[in-house]
Amino acid sequence: MTVLPTSTPSDMSTDPSFDAAASRSVLLHELIDDPESSGRVKLRVLTGDRPTGPLHIGHYLASLRSRVELQDKGIESLVLVADYQVITDRDSVGAIQDNVMGCVLDYLAAGIDPEQSTIFTHSAVPALNQLLLPFLSLVTDSELRRNPTVKDELAATDGRPLSGLLLTYPVHQAADILFCHANVVPIGRDNLPHVEQTRLIARRFNRRYAGGQEVFREPDALLSDAPLVLGLDGQKMSKSRGNSVTLAATADETAALIRKARTDSERRITFEPGRRPEVSSMLTTAALFRGESPQQIAEQVGDGGAAQLKKVVIEAVNEGLAGHRRRRAELAADQAYLRDVLRAGNARADEIAEATLATVRQVMQMTY
Ligand code: TRP
């Protein structure tokens, strides 16, 4: 469980649109952090998770906490449990029920308020999915094949053939964003190509099918400034790889997992992400939970070696998550309530999607 710079798909560093998106993200952060700004009211946030496994501390640190902050600043938010995105790169839906309800649990436990934010799933919102059809007409197959994240995801499937859904899921993700006219999309860098694709789709739709009228606005990515926490094996922390401390784990399970995690044999603990990725990621994890810097934590551990480092990290994680875990356990006892939350969110998303699709049909003259 270490922290590395957020992963950047292989051929994105040379992409000038990446720099432009990064600068827009900085401006957006400024707008959001300025309590005087009137521009805030025009913001609508869409975030999403693929329910391929339980959410873990990486999600908590890099996305759940900031979603709650955005919501608490009064910015309207929708949170998507992207169930159709599960089957982009695997043969079965897996433990979809548990994974979807687990996401809902973690959202609520983290402080997402279903009265203020709309929690919903793809599969319950037909009109969202229908937008995929006109949107697919607006992209070329070479654009889809060039998408660096799709290429990386395909490479990670070990020779699995490229499915039509994996190739086109960035367009489906555009529908996730555009159906509700979200203009702020908090993501990791690996999702940036999809936001860029979404901007193109919005622009092309308006031009080709709406006579230049702004049916869809172009969203901006909001890049997280939280560093990525690595998995217990030193690899990217992943829901489906089983190398993470999940938010559902108990304090004892957390301790056992962290005790087994990879470190190195140098006694003096230092924060050197390049040379000591595992140790540095652990320091960052503790630092993020405690609101201190990784260097400060390193100094506290000093010559204590990996054992002392792990002790500090275990404490930081378990203390930092105590409230979340308590609320999570309470909520888990009331499955009927969780279902109600999801049903209400789905109904609200459906209403928004139907209204958008009605406009789309109208501008495309497909009303009969
Ligand atoms: N692809 C996102 C992820 O990897 C999940 C997601 C699905 C998403 N649809 C979205 C994120 C729309 C932002 C906007 O976690």
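Look above for the structure.
About the criteria used
- Residues numbered from 1 in each chain as written.
- Predicted model: local features only at pLDDT ≥ 70, side-chain atom pairs only at ≥ 80, totals over all residues.
- Heavy atoms only, no water.
- Pairing = 2+ DSSP bridges.
- Helix = DSSP H or I, 4+ residues; strand = E, 2+ residues; numbered from the N terminus.
- Right-handed = clockwise from strand over helix to strand, strands pointing away.
- Near = heavy atom within 4 Å.
- Polar contact = N/O pair within 3.5 Å; in protein donor to acceptor, adjacent residues only side chain to side chain.
- Areas by Shrake-Rupley, 256 points an atom, 1.4 Å probe, with all protein chains shown as cover.
- Nonpolar A, V, L, I, M, F, W, Y, C, P; charged D, E, K, R; others polar.
- Patch = residues over 30% accessible without salt bridge, like charges linked within 9 Å, V, L, I, M, F, W, Y side chains within 5 Å.
- Salt bridge = Lys/Arg side-chain N within 4 Å of Asp/Glu carboxyl O.
- Buried < 20%, exposed > 50% of the residue type's maximum accessible area, 1.4 Å probe, protein only.

## Topic: the pairing of strand β5 (residues 184-187)
Note that β5 and strand β6 (residues 220-223) share 4 bridges and pair parallel. Counted as the bridge partner of V185 is A221 from β6. Note that the unit made of β5, helix α9 (residues 192-209) and β6 has a crossover that is right-handed.

## Considerations on the site of the ligand
Neighbouring residues of the ligand: L46, G48, L80, A82, Q85, Q173, D176, I177, V185, I187 and N191. In the model, a nitrogen atom of the ligand is placed 2.9 Å from a nitrogen or oxygen of the Q85 side chain. Across the complex, the protein chains shield 88% of the 370 Å² of accessible surface that the ligand would expose by itself. At the level of elements, β2 (44-49), α8 (164-178) and β5 are the ones that each hand at least two residues to the shell around the ligand. The biggest single contributor to the shell around the ligand is α8, with 3 residues. Taken together, the residues of the shell around the ligand break down into 6 nonpolar, 4 polar and 1 charged.

## Brief notes about a nonpolar patch on the surface
A grouping of Y84, I87 and V93 is seen on the molecular surface, where their side chains present a nonpolar patch of about 240 Å² in accessible area. Along the chain, I87 falls in the loop between β3 (76-81) and α3 (96-110). A relative accessible area of 33% means that I87 is categorised as partly exposed.

## Observations concerning unusual backbone geometry
With a phi angle near 55°, D158 is a residue other than glycine that sits in the positive phi range. Looking at the element boundaries, D158 is found in the loop between α7 (148-155) and α8.

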